[in-house]
Amino acid sequence: MTSHLQADADLDRWVPLRGRGFGGGRHRKAAIRMLLSTAGVTQGQPGSGVMSFLATRVIKAGLRNANGRFLAWSWKEDPSALAALAQVQDLTPHLRAARASMPMEYDDTENFSNPHLGVGERLVMDQPQNGRTPFATYTWDTGTQLVSLHAVCPDRERFLIFVPHLDELARTLRWVEDLEVGESNVLKLPPA
């Protein structure tokens, strides 16, 4: 059985990003730049060049060799306006501990419902501290996995305009299990 992340992004608004090839090249570069800004990689800081290089490689590798665990999009009209990255991570004790020790600003979440994943959390940071880029994060804890959608927008003035479109995208996110031929998750009992 194989599983993968899936979403129904509106192609009139979003460009799906891929790890290589022509599909979304300009959008991909802009998206990676924005995603790096929320990873705490600021140009001009000591070591930022190396960190930026490494983070770029990790994001590109994630998109290329995603095994169905990553999806990414860029805003179609303006690739430098908005980028979104969805991912699935196994809920290891290390990941649970990392989530529990996040800064207090991440406690200001609200419930967010998805018809496929149930009730999760949404965090919208339109005025983040330390000059960081505005972002929105959606998360769902399935018990064994953490499904998340993280979006960034460098324009503080326009960021809140994009939130309804991010909500729409987040509601389509799902973790799909594909059954191989002959496989079934249904228990069949012999006739009585």
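To start, this report covers the structure provided alongside it. (Residues numbered from 1 in each chain as written. Predicted model: local features only at pLDDT ≥ 70, side-chain atom pairs only at ≥ 80, totals over all residues. Heavy atoms only, no water.)

Further remarks concern the overall build of the protein chain. From N to C terminus, the protein chain includes four helices and nine strands. Counting all 192 residues of the protein chain, 41% fall into the buried class. For the protein chain, contacts bridging at least 24 residues in sequence account for 64% of all contacts bridging at least 6. For the protein chain, the computed accessible surface area is about 11,300 Å², with 53% contributed by carbon and sulfur atoms. (Helix = DSSP H or I, 4+ residues; strand = E, 2+ residues; numbered from the N terminus. Buried < 20%, exposed > 50% of the residue type's maximum accessible area, 1.4 Å probe, protein only. Contact = heavy atoms within 4.5 Å. Areas by Shrake-Rupley, 256 points an atom, 1.4 Å probe, with all protein chains shown as cover.)

Inspection of the entire model under this criterion finds four aromatic pairs. Between Trp-75 and Phe-162, the ring centres sit 5.0 Å apart and the planes meet at 65°, which makes this aromatic pair edge-to-face. Of this pair, Trp-75 sits in strand 3 (residues 70-75) while Phe-162 sits in helix 4 (residues 156-172), and the two are 87 residues apart along the sequence. Ring pairing ties together the aromatic residues Trp-14, Trp-75 and Phe-162, which thus form one cluster. (Phe/Tyr/Trp six-rings, centres within 6.5 Å; stacked < 30°, edge-to-face > 60°.)

For helix 4, built from 17 residues, the straight-helix expectation of 24 Å at 1.5 Å per residue is met to within 8% by its first-to-last C-alpha distance of 25 Å. By the largest-angle criterion, Phe-162 marks the main kink of helix 4, which is about 40°, and a proline, Pro-164, follows within four residues. Within the sequence span of helix 4, burial applies to Phe-159, Phe-162, Val-163, Leu-166, Asp-167, Leu-169, Ala-170 and Thr-172. (Expected span 1.5 Å × (residues − 1). Bend = angle between axes of the 7 residues up to and from the residue.)

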